[in-house]
Amino acid sequence: MIRLISGGVRSGKSTFAEKLLENKNDVVYIATMRAIDDEMDERINLHKKRRNATWRTFEGTYNLVDAVGSEKYYLLDCLTNLISNIMFDVTKDLEIIDYIKQKEIEDKVMKELVGLIKRIREIDGDLIMVTNEVGMSVVPENYIARVFRDIQGRVNQMAAAISDEVYLVFLGIPLKIK
């Protein structure tokens, strides 16, 4: 089973995803956030405190397939950070990210996701992916932010298409939409 959980910032997406697995001990938490400053460190620590201490954690952006072991359940939190990390790695200090570079970013993200999903399906495992819905807000003033929003939207569509179930979390309330 592949599930995608989307919603706005602080909508309760991760909490809902973790709740789906709360009684499971054979879980791998695939953490994509990079600890680049004190705020990120604090966010990471809050997530760690909230989740089951028996869960194994895999931290990374690349080679996500390496997270797959003997466990049955996998939680990727989150696609938004995965995309952001890959986008930064590909573009570094570019001020203009043309469509060729955007496609390169999307292809790298999808290569990671498809590889992970394929491996999880091979072991008859379950995967929950968390992602932010970034297209229901104000159009960003910043060009790079608009490019990110567009990439995020396209990746979310692809992830939803290959998922068995899709949920939208709004105000802490999960709504099954697929």
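The present account deals with the structure reproduced in this document. Small disclaimer: the values here were computed from a predicted structure and weren't measured. Here the residue index of a chain counts from 1 through its sequence in written order. Residues qualify for local features only when their pLDDT is at least 70, as the model is predicted, and side-chain atom pairs are given and counted only at 80 or more; totals for whole chains, interfaces and linings, by contrast, use all residues. Only heavy atoms go into the side-chain values, all of them from the structure, while hydrogens and water stay out.

1. Digging into the overall build of the protein chain
- In terms of helices and strands, the protein chain carries five helices and seven strands.
- To qualify as a helix, a DSSP run of H or I must reach at least 4 residues; to qualify as a strand, a run of E must reach at least 2; elements of each kind are numbered from the N terminus. In sequence order, the protein chain lays out its α and β elements as β-α-β-α-β-β-α-α-β-α-β-β.
- With the C-alpha coordinates of the protein chain rotated into their principal frame, the extents come out at 45 × 35 × 35 Å.
- Any residue under 20% of the maximum accessible area for its type is buried, any over 50% is exposed, and the rest in between are partly exposed; the area is computed with a 1.4 Å probe on protein chains only. Looking at the protein chain residue by residue over its 178 residues, the buried ones come to 44%.
- Contacts are residue-level and defined by heavy atoms, with any inter-residue pair within 4.5 Å sufficient. Nonlocal contacts in the protein chain, meaning residues at least 24 apart in sequence, comprise 74% of its contacts between residues at least 6 apart.
- A total accessible area of about 9800 Å² is found for the protein chain, and carbon and sulfur atoms account for 54% of it.
- A residue counts as positive if it is Lys or Arg and as negative if it is Asp or Glu; His and the chain ends are not included. The location of each charge is read from NZ of Lys, CZ of Arg, CG of Asp or CD of Glu. Taken as two groups, the 26 positive and 28 negative side-chain charges of the protein chain have centres that lie 4 Å from each other. Where accessible areas are quoted, they stem from the Shrake-Rupley method and a 1.4 Å probe; at the residue level, only the protein chains shown are allowed to cover.

2. Here's the deal with unusual backbone geometry
- A cis amide bond links Asp-77 with the next residue in sequence, Cys-78, at an omega value of 5 degrees.
- Of note, Cys-78 is situated in the loop between β4 (73-77) and α3 (79-91).
- For Arg-10, which is not glycine, the phi torsion reads 60 degrees and is therefore positive.
- Position of Arg-10 among the secondary structure elements: in the loop between β1 (2-7) and α1 (13-20).

3. Notes on the pairing of strand β2 (residues 27-31)
- Counted residue by residue, β2 has five buried out of five residues, so it is predominantly covered.
- Paired strands, in this sense, are two strands between which DSSP finds at least two bridges. Bridge count between β2 and strand β3 (residues 56-59): four bridges; the pairing is parallel. Each bridged residue has a counterpart across the sheet, and for Val-28 the counterpart in β3 is Arg-56.

4. A short note on a nonpolar patch on the surface
- Surface patches are drawn from residues lacking salt bridges whose relative accessible area is over 30%; two like charges belong together within 9 Å, two nonpolar side chains (Val, Leu, Ile, Met, Phe, Trp, Tyr) within 5 Å. A side-chain nitrogen of Lys or Arg and a carboxyl oxygen of Asp or Glu constitute a salt bridge if their distance falls within 4 Å. On the surface, Phe-170, Leu-171, Ile-173, Leu-175 and Ile-177 cluster together into a nonpolar patch covering about 550 Å² of accessible area.
- By relative accessible area, which is 58% here, Ile-177 ends up exposed.

5. Topic: the pattern of salt bridges
- If you walk through the whole model with that rule in mind, you get ten salt bridges.
- The salt bridge involving Glu-122 is made with Arg-119; its shortest N-O contact spans 3.2 Å. Of the two residues, Glu-122 and Arg-119 both sit in helix α4 (residues 99-122), three residues apart, roughly one turn of that helix.
- Residue classification places Arg-119 among the partly exposed residues on the basis of a relative accessible area of 31%.
- Here Arg-121 ties to Asp-164 by a salt bridge, and the two come within 3.5 Å at their closest N and O atoms.

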